[in-house]
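Chain by chain, the residues run as shown.
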Amino acid sequence: MTAVDTAPPATSGRRLRRPRGLTAHIILIVAVLISVFPFAWTIVMATNTTQDIYKSPPKFTFGSHLLENIRHVLNTIDFFGSMLNTIIVACVTTALVLFIDSLAAFTFAKFDFPGRKLLFGTLLLFMMLPLQLAILPQFILMSKIGWVGMLKALALPSLANAFGIFWLHQYIQNGVPDELLDAARIDGAGFFRQYWNIALPMIRPAMSFLAIYAFVNCWNDYIWPLVVLTNPDHVTLQVELAQLNVGHTTDYSMVMAGVLMAALPLVVVFSIFARGFIAGATEGAVQGA
Amino acid sequence: MSSPPVTGPAEAPQRLGGPGPARFRPRRTPPAGTVRPRRRGPLSYWRQYLAISPFYLIFAAFSFFPVFYSLYLAFQRWDGMGDMQFVGLQQFRFLWSDPVFWLSIRNTLVIWVLSTVPTLFGALMLATLLHSVRRFKGFYRIALYVPNVTSIVAVAIFFGAVFSNNFGLVNAILGMVGISPIPWLSNPWLIKVVISLLMTWQWTGYNMIIYLAGLQAIPTSIYEAAKMDGAGPIRTFFQITIPIMRPIILFTVVISTINGLQSFSEPQVLFASNAANANLGGPGQAGLTTLLYFYQSAFLNNDYGYGAAIVWAFFVLIIVLVAVNWRITQRGRKP
């Protein structure tokens, strides 16, 4: 955040002081309103009855039927069950991605070994591969080993996260001084100790970014759970939400309550970690581009 | 392991910095007083290979192998149950003459252009403005990024409600000022507009953050020099900011191309409620993207071979478009 505060007013110098800054703020506030409006309107719809929404003109203010709508959602779908499924998959995936990617990134960034360049180069190629190509065979593979419909089928393919390795690699290269690793080596620290005790604590900001990135992706993933979770009683939140939408078009306020309940936890989590997340995201983008 | 106990075997690779490929790790100089181990064979790096192996194993099993297996599938006829039957290029021949496939390609391209262009221009504009203001920066960044962490399913349901032909908010507001309802979700073009709006809403903040990072990396001395030479803000923007930002713009164009062409959830959720058209992309199949068509062929019609042919043809399309974009963005680099 210091980068922001010290960002010199190069473009907003003497000449374009008051009026221009004001215009910029007005445009930015309009943009913020547009990006926040759907949340506000979802709350409006979720707190009113379907009749209020279908009225012309519709009711524009918050209502008092939120609890009733939430109760309908809970009676219609297994909301907490599917949410639990999503949380389990997202947490396991995130933890494993963090470990696998940071260990590989640390190795690539700080060690030289035969084939290193080639392996890292193929990694960059992998990032370009559209994974939609793999969905069908992945599904066939999962049905061959009998994992269709199971939660572990969700987590496994997303563990190979090339972006995470690439991104952490950039960070470790500059963020972990070689002198420190050398010192640890002299003190007798082996390979894994250098990773666990020296590198890992130093790359926390990058790791927290990757954690949120992986968690959000996993939480919001739709096509793969839709394909592989064939048992309708055992799905993730997104699939359940889409099913709620399909089956209950007449009860809009209830559907909207479901949307609110499914979207809100992530937005809250994001807002809490947002500062670190965006700082991390920008560092990676600059180095990666 | 015959290495000296002070150093341990794992650090052998770094010690090679001296005699080995010096350009590789020039900064690695062995600390004074340690014995430099001899050069070793690949097997002595087993720790390093072990450390990177999980990714490569999982990737090989669940991404690399499947990608090429789907190419194999594209030459077969298979419903996933019975026996596979080799049919040569028949799937691709059928694909070539399948009007629905070409419709899905057209839909995908239109949606991609309608969403990517406003997204990137809007993002660049917002990033420039955000870079120029001094107060509330953190607030703006977070508030503008929030759409990107919202699930597509939730957003699609919301857009479906707001643009609903009969009871949607947009038509209600239009009705209040005397405009008759617009068939957002049944006109072929408006369907694409709604899907594109959805994607624009979701991705502008993301690209803005990336642009902002690029803007902050530009040294201010360049701007000061431009100002001294009498360049106004518009001219500075086009002749200094844009050229310096070119690599980052290229990065966002590539990412947006890959993301934008893969639209699936948006039309799938938007039109899933229409039972007659379930998974067909809405009235007139105007929202049928290529990925949605793939999903329909492979998983609803159980035509695995054809599904595989669709994604591979689609993959070729993505590569061509990324290459074309690359060329366009690179052009004018040296005017």
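Cut-offs used in this document
Residues numbered from 1 in each chain as written. Chains lettered and ligands numbered in written order. Predicted model: local features only at pLDDT ≥ 70, side-chain atom pairs only at ≥ 80, totals over all residues. Heavy atoms only, no water. Helix = DSSP H or I, 4+ residues; strand = E, 2+ residues; numbered from the N terminus. Buried < 20%, exposed > 50% of the residue type's maximum accessible area, 1.4 Å probe, protein only. Contact = heavy atoms within 4.5 Å. Areas by Shrake-Rupley, 256 points an atom, 1.4 Å probe, with all protein chains shown as cover. Core = buried A, V, L, I, M, F, W, Y, C linked by side-chain atoms within 4.5 Å. Expected span 1.5 Å × (residues − 1). Buried area = accessible area lost by both parts, 1.4 Å probe. Salt bridge = Lys/Arg side-chain N within 4 Å of Asp/Glu carboxyl O. Nonpolar A, V, L, I, M, F, W, Y, C, P; charged D, E, K, R; others polar. pLDDT = per-residue confidence, 0-100.

1. Side note on the overall build of chain B
- Scanning chain B for helices and strands turns up 13 helices and 2 strands.
- Burial analysis of chain B (335 residues in total) assigns 55% to the buried set.
- Partitioning the contacts of chain B with sequence separation of at least 6, the portion at a separation of at least 24 is 65%.
- Total accessible area on chain B is roughly 15200 Å²; 67% of this is exposed by carbon and sulfur atoms.

2. Side note on the nonpolar core
- In this structure, Leu 136 and Phe 270 of chain A together with Phe 55, Tyr 211, Phe 294 and Phe 299 of chain B are the most contacted members of the largest nonpolar core, which totals 199 residues.
- Ranked by residue count, the leading element in this core is helix α15 (residues 252-288) of chain A, at 16 residues.
- Aside from chain neighbours lying at most four places away, what touches Phe 294 of chain B is Gln 132, Ile 135 and Leu 136 of chain A together with Phe 299, Gly 307, Ile 310 and Val 311 of chain B.

3. Observations regarding helix α5 (residues 137-149) of chain B
Residues and elements named next belong to chain B.
- Taking 1.5 Å of rise per residue, the 13 residues of α5 would be expected to cover 18 Å, and the 19 Å separating its terminal C-alpha atoms lies within 8% of that figure.
- For α5, the buried fraction is high: 12 of the 13 residues fall into the buried class.
- What α5 keeps buried is the set Lys 137, Gly 138, Tyr 140, Arg 141, Ile 142, Ala 143, Leu 144, Tyr 145, Val 146, Pro 147, Asn 148 and Val 149.

4. Observations regarding the interface of chain A and chain B
- Opposite the 110 residues of chain A that make contact, chain B presents 105 residues.
- Both faces considered, chain A and chain B share a buried interface measuring about 9900 Å² in area, 76% of it formed by carbon and sulfur atoms.
- When residues of chain A are sorted by the area they lose upon contact with chain B, Asp 112, Leu 133 and Leu 136 of chain A head the list and together hold 7% of the total.
- Along the contact surface separating chain A from chain B lie 0 salt bridges.
- In terms of residue class, the side of chain A that touches chain B is made up of 79 nonpolar, 20 polar and 11 charged.

5. Details of the confidence of the model for chain B
Residues and elements named next belong to chain B.
- Taken residue by residue, chain B gives an average pLDDT of 82. The fraction at 70 or more is 85%.
- The weakest mean pLDDT in chain B belongs to helix α1 (residues 12-15) at 41; the strongest belongs to helix α4 (residues 99-132) at 93.
- Note on the complex model: pTM 0.83, ipTM 0.83.

6. Notes on the confidence of the model for chain A
All names here are of chain A.
- Chain-level statistics for chain A give a pLDDT mean of 83 and a share of 89% at 70 or above.
- Mean pLDDT across the secondary structure elements of chain A bottoms out at helix α1 (residues 2-6), with 41, and peaks at helix α5 (residues 79-110), with 93.
- For the stretch residues 1-17, pLDDT sits under 50, and the model shows 24 contacts to residues farther than four places along the chain or on other chains.

7. Focus: the environment of Phe 62 of chain B
- Tracing the backbone shows Phe 62 of chain B in helix α2 (residues 46-73).
- When its relative accessible area of 9% is taken as the criterion, Phe 62 of chain B is described as buried.
- Once the C-alpha coordinates of Phe 62 of chain B and Leu 317 of chain B are considered, the two residues, 255 residues apart in sequence, prove to be 23 Å apart.
- In contact with Phe 62 of chain B, not counting residues within four places along its chain, are Ala 134, Gln 138, Leu 141, Met 142, Leu 156 and Pro 157 of chain A.

8. Re the environment of Pro 177 of chain A
- Structurally, the position occupied by Pro 177 of chain A is in the loop between α9 (162-175) and α10 (178-186).
- Once the C-alpha coordinates of Pro 177 of chain A and Arg 193 of chain A are considered, the two residues, 16 residues apart in sequence, prove to be 15 Å apart.

9. Focus on the environment of Leu 229 of chain A
Residue and element names in this part refer to chain A.
- Within the element layout of this structure, Leu 229 appears in the loop between α13 (223-228) and α14 (237-247).
- Since its relative accessible area comes to 4%, Leu 229 is described here as buried.
- Between the C-alpha atoms of Leu 229 and Leu 151, which are 78 residues apart in sequence, the distance is 7.7 Å.
- Other than its neighbours up to four places away in sequence, Leu 229 contacts Gly 149, Met 150, Leu 154, Trp 224, His 234, Val 235 and Thr 236.

10. Quick word on the pattern of salt bridges
All names here are of chain A.
- Following the criterion strictly, the structure yields 2 salt bridges over all chains and no others.
- The salt bridge partner of Asp 182 is Arg 185, with a shortest N-O separation of 2.5 Å. Highlighted residues: Asp 182 and Arg 185, both in helix α10, separated by 3 residues, approximately one helical turn.
- On the basis of relative accessible area, Asp 182 is assigned to the buried category, the value being 11%.

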